[in-house]
Amino acid sequence: MAKFRAARTLSAVESLKDPETEPYRSKYSARALLQEVKQLLSAAEEGGEAVLAVRRAVLEYELGVNHTDTEELSAGEEHLQRCTQLLEPHRLSPDCVSLYIQAQNNLGILWSQRDEIETAQTYLESAEALYNQYMKEDGNPPLDPSEHFMAEEEKLTDQERSKRFEKAYTHTLYYLAQVYQHLDMIEKAAQYCHTTLKRQLEYCGYYPVEWARNAATLSQYYLSKECFMEARHCLAAASVIFSQAGQVPSAEDDETEPDQQDLPERKAEIARCWIKYCLNLLQSARKLLEDNIGELDPDRQLELKAQRKKEEDEKEKGRKKAVLFGTSDICDSVLAMEEKVSSVYPLDFQEAREIFLVGQNYVQEAKEFFQVDGYVTDHIEIVQDHSALFKVLAFFEEDYERRCKMHKRRIDMLEPIYADLNPQYYLLICRQLQCELADTYYEMMDLKVAIGNRLEKLDSHTVKKINSLAQFAIKYYELFLDSLRNPDKVFPEKLEEDVLRPAMVAKFHIARLYGRLITSDNKKQLENMQTSLEYYTFLVDYCEKYPDAVPAIETELELSKEMVNLLPASMERLRAKVSSFV
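Residues numbered from 1 in each chain as written. Predicted model: local features only at pLDDT ≥ 70, side-chain atom pairs only at ≥ 80, totals over all residues. Heavy atoms only, no water.

The protein chain appears in an unreviewed UniProt entry as KIF-binding protein from Malurus cyaneus samueli. Under the Subcellular location (unreviewed entry) heading, UniProt states for the protein chain: "Cytoplasm, Cytoskeleton". Recorded in UniProt for the protein chain, the comment headed Sequence similarities (unreviewed entry) runs: "Belongs to the KIF-binding protein family." (UniProt positions renumbered as here; feature names shortened; annotations may be inferred.)

Structural data, given as structure tokens:
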């Protein structure tokens, strides 16, 4: 018994202190002790056949885990298989069930390490089924494997047995969640992840940082399904549990959580999940509220407000029961966190602004860690999300001037970042920023035109502003299109699928922008119309040559065909007007 205990101490405690040059020194020493105990058991006769069989199974299990830990998977598998063979006839007895489940768990892990995910799934689902069968047929706290080498007075209490058994089953669910993720069974993976997180809190078996990270990751699944209440709950729980990191000792085997030095990064990662939450909620609301030209539909707004009032209460009560995490004190903290941001679609500017401000606070929090020096890509993604928050907030704003100012904020945050980027290293990000800056200037020009249309007469300042915004939009669209050229500066004959739509939209917008430039010089206007016609013609000709491109740009193609038919006649009239003045 002493040797068995010493072997477990070597594996669990002393191995953490092993030097890098001999990473498995303690594991090998533990193995030698376990082999000694195994030999002693082989010679033993007292204790009864059943007791000896279970003890041998415990040793096979410990040796299996030991070999797996030292990356000797074949030997590990042999020992674990022997363990399950010894236990098979008694696997549902309180003496054996916990050990059998843990052996199945470890076989599942072992096959996952070999990338044989479906084999791993078989072992883990077998462990899950056994737990459910045992709880249905017996349900009493079973013996922990370590008890088979303990004196009677050292045996565990029922409460401790139950805790360890439940923890083993939580591990089963945790590994199954990962297996389902690997097999692209996303919904099932999310369901198992949620159950695992709930059980870890219930049985106080978790590392705060890891738990928070998993809950934040789960929130992104719920976001993809537009389940905003569930997503918010996961994130609120993640924030609350994360705040325990470094403050409370971990309940996970009394170990200190690894990666304590990564706390600022983990906190910033959770902040980024909150940003995505706010952004997705606002964007989904926009989809519900917009009309066919992308503006807010007031009738739809009134209809949704009336509908929300009716549904809200029952819906929240019913769904809450299914998703709540944690004990009452944790629940109170999570509830307080949830109350800081809505989980229902915002239906007007004030509601949207409240969600926007929460998102913006998390942008600042995330940027504190993900600074441009050292985290270029992450930093830019956060700034792009900040820009997207302003873009979607502008949708809810009725005043065109204020809407313009929101887009100007986007320009002010994106342009400096773009100016500092080297396209040689960050070509994809440069293209994203070129398109976003072009679209933003384009949007601002449209707004300035709408403001100008309300005036009796366009003043020179408004004309200058419209032209300036149009020129900037053209500049960034052209930069994007130039980035597609080969080293000899030749534009591709056929566009790759991933850039087809952005390139065609850029061409279409440039055509439209040249048509929007305001000039009193008829010659200049003719030049602009000619340029516009060339860009529209490019779209039409390209789609005739490559018909498979049509589905990507149907609307733009239809309008381009119209313009290709209309523009020549307009240009002819203008030429006649010009020549009559000569």
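Now that the structure has been shown, the text picks up again.
Caption draft 1: Just the overall build of the protein chain, in detail. Looking only at helices and strands, one finds 21 helices and zero strands in the protein chain. Scaling as 2.2 N^0.38, a compact globule of 582 residues should have a C-alpha radius of gyration of about 25 Å, whereas the protein chain reaches 33 Å, well beyond that. Expressed along its principal axes, the backbone C-alpha trace of the protein chain runs to roughly 120 × 60 × 40 Å. Looking at the protein chain as a whole, 47% of its 582 residues are labelled buried. (Helix = DSSP H or I, 4+ residues; strand = E, 2+ residues; numbered from the N terminus. Rg over C-alpha atoms; globule rule 2.2 N^0.38 Å. Buried < 20%, exposed > 50% of the residue type's maximum accessible area, 1.4 Å probe, protein only.)

Caption draft 2: Expanded view of a nonpolar patch on the surface. Taken together, the side chains of Leu-455, Leu-458 and Ile-518 define a hydrophobic patch exposed on the protein surface, amounting to about 200 Å² of accessible area. The residue Ile-518 is located in the loop between helix H19 (497-516) and helix H20 (522-545) in this model. The partly exposed category is assigned to Ile-518, whose relative accessible area is 32%. (Patch = residues over 30% accessible without salt bridge, like charges linked within 9 Å, V, L, I, M, F, W, Y side chains within 5 Å. Areas by Shrake-Rupley, 256 points an atom, 1.4 Å probe, with all protein chains shown as cover. Salt bridge = Lys/Arg side-chain N within 4 Å of Asp/Glu carboxyl O.)

Caption draft 3: Molecular detail of the packing of aromatic side chains. Evaluation of the coordinates by the stated rule reveals 27 aromatic pairs. Look at Tyr-131 and Phe-165: their rings are 5.4 Å apart centre to centre, the planes differ by 40 degrees, and that puts the pair in the tilted class. Residue Tyr-131 is located in helix H6 (residues 117-137), and its partner Phe-165 is located in helix H7 (residues 158-182); the two are separated by 34 residues in the primary sequence. Residues Tyr-131 and Phe-165 agree in their burial class; the two are buried. For the pair Phe-228 and Tyr-345, a centre-to-centre distance of 5.7 Å together with 75 degrees between the ring planes defines the contact as edge-to-face. Residue Phe-228 is located in helix H10 (residues 228-242), and its partner Tyr-345 is located in the loop between helix H13 (328-338) and helix H14 (349-369); the two are separated by 117 residues in the primary sequence. You can call Phe-228 buried: its relative accessible area is 4%. An aromatic cluster is defined as three or more aromatic residues linked by ring pairs; in this entry it consists of Phe-228, Trp-274, Tyr-277, Tyr-345 and Tyr-362. (Phe/Tyr/Trp six-rings, centres within 6.5 Å; stacked < 30°, edge-to-face > 60°.)

Caption draft 4: Seen up close, H14. Helix length check: H14, at 21 residues, gives a terminal C-alpha distance of 31 Å against a target of 30 Å (1.5 Å per residue), a fit within 8%. Every buried residue belonging to H14 is among Phe-349, Ala-352, Ile-355, Phe-356, Val-358, Gly-359, Gln-360, Tyr-362, Val-363 and Ala-366, and all of these are buried. Between the side-chain oxygen of the N-cap and the backbone nitrogen of Gln-350 there are 3.2 Å, and the N-cap of H14 in question is Asp-348. (Expected span 1.5 Å × (residues − 1). Polar contact = N/O pair within 3.5 Å; in protein donor to acceptor, adjacent residues only side chain to side chain.)

Caption draft 5: Examining the packing of H14 against helix H15 (residues 376-396) more closely. Two numbers describe how H14 lies on H15: the axes approach to 10 Å, and their chain directions differ by 170 degrees. With respect to H15, the element H14 is oriented roughly antiparallel. On H15, the residues touching Phe-349, Ala-352, Arg-353, Phe-356, Gly-359, Gln-360, Val-363, Gln-364, Ala-366 and Lys-367 of H14 are His-379, Ile-382, His-386, Leu-389, Phe-390, Leu-393 and Phe-396. By residue class, the composition of the contact of H14 with H15 is 10 nonpolar, five polar and two charged. (Axes fitted to C-alpha atoms, helices over the stretch in contact; angles between N-to-C directions. Parallel < 35°, antiparallel > 145°, perpendicular 65-115°, else oblique. Contact = heavy atoms within 4.5 Å. Nonpolar A, V, L, I, M, F, W, Y, C, P; charged D, E, K, R; others polar.)

Caption draft 6: Geometry of the nonpolar core. Counting residues in hydrophobic clusters, the biggest one holds 173 residues, and the most contacted among them are Trp-211, Trp-274, Tyr-277 and Leu-495. Apart from the residues lying within four places of it in its own chain, the contact partners of Tyr-277 are Leu-223, Phe-228, Ala-231, Arg-232, Leu-235, Val-341, Ser-342 and Ser-343. (Core = buried A, V, L, I, M, F, W, Y, C linked by side-chain atoms within 4.5 Å.)

Caption draft 7: Molecular detail of the environment of Leu-41. Along the chain, Leu-41 turns up in helix H2 (residues 25-43). The spatial distance from the C-alpha of Leu-41 to the C-alpha of Leu-52 is 7.2 Å, given a sequence separation of 11 residues. Ignoring sequence-local partners within four residues, the contact set of Leu-41 consists of Leu-52, Arg-55, Arg-56, Leu-59 and Phe-149.

Caption draft 8: Representation of the environment of Thr-537. Position of Thr-537 relative to the elements: it lies in helix H20. Judged by relative accessible area, which is 25%, Thr-537 ranks as partly exposed. For the pair Thr-537 and Val-564, spaced 27 residues apart in sequence, the C-alpha to C-alpha distance is 6.3 Å.

Caption draft 9: Broad picture of the pattern of salt bridges. Here the structure, examined in full by the defined rule, presents 40 salt bridges. Linking Arg-164 and Asp-144 is a salt bridge whose minimum nitrogen-to-oxygen distance equals 3.2 Å. Placement of Arg-164 in helix H7 and of Asp-144 in the loop between H6 and H7 is noted, with a sequence separation of 20 residues between them. For Arg-164, a relative accessible area of 30% translates into the label partly exposed. In this structure, a network of salt bridges that share partners links the residues Lys-38, Glu-60, Glu-78 and Arg-82.

Caption draft 10: Layout of unusual backbone geometry. A positive phi angle, close to 60 degrees, is found at Asp-184, a residue other than glycine. For Asp-184, the position within the fold is in the loop between H7 and helix H8 (186-202). At Glu-226, a residue that is not glycine, the phi angle is positive and equals roughly 60 degrees.

Caption draft 11: Quick peek at the side chain of Asn-66. You can see Asn-66 is positioned in helix H3 (residues 49-69). The class of Asn-66 is buried, set by a relative accessible area of 2%. Polar contacts involving the side chain of Asn-66 include one to the side chain of Arg-31, which spans 2.9 Å. If we skip the residues at most four places from it in the chain, Asn-66 touches Ser-11, Lys-27, Ala-30 and Arg-31.

Caption draft 12: Local environment of the side chain of Ser-532. In this structure, Ser-532 sits in helix H20. Look at Ser-532 and you get buried, because its relative accessible area is 2%. In this structure, Ser-532 is in contact with Ala-511, Arg-512, Tyr-514, Gly-515 and Leu-567, ignoring residues within four places of it in sequence.

Caption draft 13: Focus on the packing of H19 against H20. Packing of H19 against H20 brings their axes to within 7 Å, and their N-to-C directions diverge by 155 degrees. In terms of axis orientation, H19 runs roughly antiparallel to H20. In the crossing of H19 with H20, the sense of the turn from one axis to the other is left-handed. Each of Leu-500, Met-504, Lys-507, Phe-508, Ile-510, Ala-511, Arg-512, Tyr-514 and Gly-515 in H19 lies in contact with H20, whose residues at this interface are Asn-528, Thr-531, Ser-532, Tyr-535, Tyr-536, Phe-538, Leu-539 and Tyr-542. Residue composition of the contact of H19 with H20, by class: 11 nonpolar, four polar and two charged. (Left-handed = near helix turned anticlockwise from the far one by under 90°.)

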